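Residue-level listing of the chains:
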Amino acid sequence: MVALVTVALLGACGDGARQGEFYDPYEEQNRAVHAENKSLDKGLVRPVANGYGKYVPDPVRRSVSNFASNLSLPGMVVNDLLQFQLEDAISNTSRFLFNSTIGLAGLFDPASSIGITERSSDFGETMHVWGVGEGHYVELPLLGPSTERDTIGMVADLALNPLNYILPGLEAGLATGASAASTLDKRYRFTDTVDSVLYESADSYAQARLLYLQNRRFTLGDTGAGADDPYADPYADPYFDPYEDQ
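Values in this document were obtained by computation on a predicted structure and should not be read as measured data. (Residues numbered from 1 in each chain as written. Predicted model: local features only at pLDDT ≥ 70, side-chain atom pairs only at ≥ 80, totals over all residues. Heavy atoms only, no water.)

Overview of unusual backbone geometry
The phi dihedral of F84 falls on the positive side, at around 60°, and the residue is not glycine. Tracing the backbone through its elements, the reader meets F84 in the loop between α3 (58-82) and α4 (86-101). Taking the relative accessible area as the measure of exposure, F84 reaches 70% and is therefore exposed. (Helix = DSSP H or I, 4+ residues; strand = E, 2+ residues; numbered from the N terminus. Buried < 20%, exposed > 50% of the residue type's maximum accessible area, 1.4 Å probe, protein only.)

Shown next, in the form of structure tokens:
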């Protein structure tokens, strides 16, 4: 079903932008969403994340994040198979089984100590492998920067993770809570970086857009001519718009 929907959406998620550029025809709406996300971060997310980081011991926060990460592995295995990445599928399956047993339901991460590391994957990447373009840049309420392809991918990932159909109500609630806590932990750990983008940039929207697309394209292996280098200066002309004169 997911594959059929993706094929149907191929036209909607065209290339959108040439390599190394971006296409943001919804900028006005995106900026409005960005302003709301920024206000929410300032008034709620950042204070809660700082409190979580300061008052919850690091080992506890790490265990909660490990638990949430472990629950995402079955969905990654499905994406690995859809991409015909059998080695990654075997590695992520081994990691899930090892941490779910020896690691006490994923609260601990003994798999990493023996070299079985997470090989991250998602349905946005799967569509990229299938040749689906990234489409327009969008900023989503609460979730932040994305593209049309990655937005579809996030929805599909919810359907692809087998655990979503197996876990009973209580366990599913715990999984959702762990995922939210893991997000708060990341906000706390990367607070300086996030704050510099949101509150110290002359144009936080343009900066967030640039950094997201730069990092995402590099992660997907877009290293051809014109691709963005994530190690380049992220503050170099963040307001450049290749479509400005068109």
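Back to the text.
A short note on the nonpolar core
Membership of the largest hydrophobic core is limited to 9 residues, which are F67, A68, L71, L73, M76, F96, L163, A175 and A178. Ranked by the residues each element gives to this core, the list is headed by α3, at 5 residues. The residues touching L73, leaving out its near neighbours within four places in the chain, are N92, R95, F96 and E118. Core analysis: the second largest hydrophobic core is formed by 5 residues, F123, M127, A156 and L160 among them. (Core = buried A, V, L, I, M, F, W, Y, C linked by side-chain atoms within 4.5 Å. Contact = heavy atoms within 4.5 Å.)

Structural notes on a nonpolar patch on the surface
Residues L104, L107 and F108 make up a contiguous nonpolar surface patch of roughly 280 Å² in combined accessible area. Mapping F108 onto the fold places it in the loop between α4 and α5 (110-113). On the basis of relative accessible area, F108 is assigned to the partly exposed category, the value being 45%. (Patch = residues over 30% accessible without salt bridge, like charges linked within 9 Å, V, L, I, M, F, W, Y side chains within 5 Å. Areas by Shrake-Rupley, 256 points an atom, 1.4 Å probe, with all protein chains shown as cover. Salt bridge = Lys/Arg side-chain N within 4 Å of Asp/Glu carboxyl O.)

Notes on the pattern of salt bridges
In the structure shown here, the tally under the stated rule is 17 salt bridges. The salt bridge involving R187 is made with D41; its shortest N-O contact spans 2.9 Å. Residue R187 is found in helix α9 (residues 169-189), and its partner D41 is found in helix α2 (residues 27-55); the two are separated by 146 residues along the sequence. In this structure, R187 and D41 share a single accessibility class: buried. Salt-bridge contacts for R216 lead to D150; the nearest nitrogen and oxygen are separated by 3.0 Å.

Description of the side chain of D195
When you line up the elements, D195 lands in helix α10 (residues 191-199). Excluding residues that lie within four positions of it along the chain, D195 makes contacts with R46, R187 and E200.

So, the packing of aromatic side chains
Applying the stated rule across the entire model yields 2 aromatic pairs. Measuring from ring centre to ring centre gives 5.7 Å for F123 and W130, while their planes differ by 90°; the resulting arrangement is edge-to-face. Taking relative accessible area as the criterion, F123 reaches 0% and is therefore assigned buried. Residues Y137 and Y205 carry aromatic rings whose centres are separated by 6.0 Å and whose planes lie at 70° to one another, so their mutual orientation is edge-to-face. On the criterion of sequence distance, the pair formed by Y137 in strand β1 (residues 137-140) and Y205 in helix α11 (residues 204-219) is long-range, its members being 68 residues apart. (Phe/Tyr/Trp six-rings, centres within 6.5 Å; stacked < 30°, edge-to-face > 60°.)

Here's the deal with the environment of E148
Counting through the fold element by element, E148 comes out in helix α7 (residues 148-160). Since its relative accessible area comes to 17%, E148 is described here as buried. Considering only alpha carbons, one finds E148 and G133, 15 residues apart in sequence, at a separation of 8.9 Å.

Re α10
Three or more residues of α10 are buried, namely T191, D195, S196, V197 and L198. Looking at the buried side of α10, the elements it contacts are α2, α9 and α11.

A short note on the packing of α9 against α10
Remark: α9 packs on α10, axes separated minimally by 5 Å, with the N-to-C direction vectors making an angle of 80°. If you check the angle between α9 and α10, you find them roughly perpendicular. Counted together, R187, Y188 and R189 of α9 and T191, V194, D195 and Y199 of α10 form the full contact between these two elements. Tallied by class, the residues present in the contact of α9 with α10 amount to 3 nonpolar, 1 polar and 3 charged. (Axes fitted to C-alpha atoms, helices over the stretch in contact; angles between N-to-C directions. Parallel < 35°, antiparallel > 145°, perpendicular 65-115°, else oblique. Nonpolar A, V, L, I, M, F, W, Y, C, P; charged D, E, K, R; others polar.)

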